[in-house]
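Chain by chain, the residues run as shown.
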Amino acid sequence: MRGAVDAALARRRAALELRGRRTGDLSLADTESLGPGFFKFMGGVIAVAGCALLALSLILATG
């Protein structure tokens, strides 16, 4: 999980740098606005929400 976030950010940064070189707009490569911490936080929120929905569906299915 940890390596996946870093790899995705590296691919995104490389793609933006390439697009920036093609268009001449080097500000596209500025990806520091969303760091790995943001994606880890969002993953945690989604995991907790998924567990809550699973619990709710189990309660509704057995009730």
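Everything below is about the structure shown above.
Residues numbered from 1 in each chain as written. Predicted model: local features only at pLDDT ≥ 70, side-chain atom pairs only at ≥ 80, totals over all residues. Heavy atoms only, no water.

Looking at a nonpolar patch on the surface
Quick note on the threshold: Each patch is assembled from residues with relative accessible area greater than 30% and no salt bridge, linking like charges that lie within 9 Å and nonpolar side chains (Val, Leu, Ile, Met, Phe, Trp, Tyr) that lie within 5 Å. Residue exposure ignores everything except the shown protein chains as possible cover, and the areas themselves are Shrake-Rupley values with a 1.4 Å probe. Here a salt bridge means any side-chain nitrogen of Lys or Arg lying within 4 Å of a carboxyl oxygen belonging to Asp or Glu. Starting at the N terminus, helices and strands are each numbered in turn, a helix being any DSSP run of H or I of at least four residues and a strand any DSSP run of E of at least two. Only protein chains enter the accessibility calculation, which uses a 1.4 Å probe; a residue is then buried when its area is under 20% of its type maximum, exposed when over 50%, and partly exposed in between.
A cluster of nonpolar side chains, contributed by Phe 38, Phe 39, Phe 41, Met 42, Val 45 and Ile 46, occupies part of the molecular surface with about 560 Å² of accessible area. Counting through the fold element by element, Phe 38 comes out in helix α2 (residues 36-62). Phe 38 sits in the partly exposed class, given a relative accessible area of 38%.

A word on the packing of aromatic side chains
Put simply, the test is: Whether two aromatic rings pair depends on their centres lying within 6.5 Å, for rings of Phe, Tyr and Trp, where Trp uses its six-membered ring; planes under 30 degrees apart make the pair stacked, over 60 edge-to-face, and the rest tilted.
Counted according to the given criterion, the structure contains 1 aromatic pair. Ring geometry for Phe 38 and Phe 39: centres 5.4 Å apart, planes at 75 degrees, overall edge-to-face.

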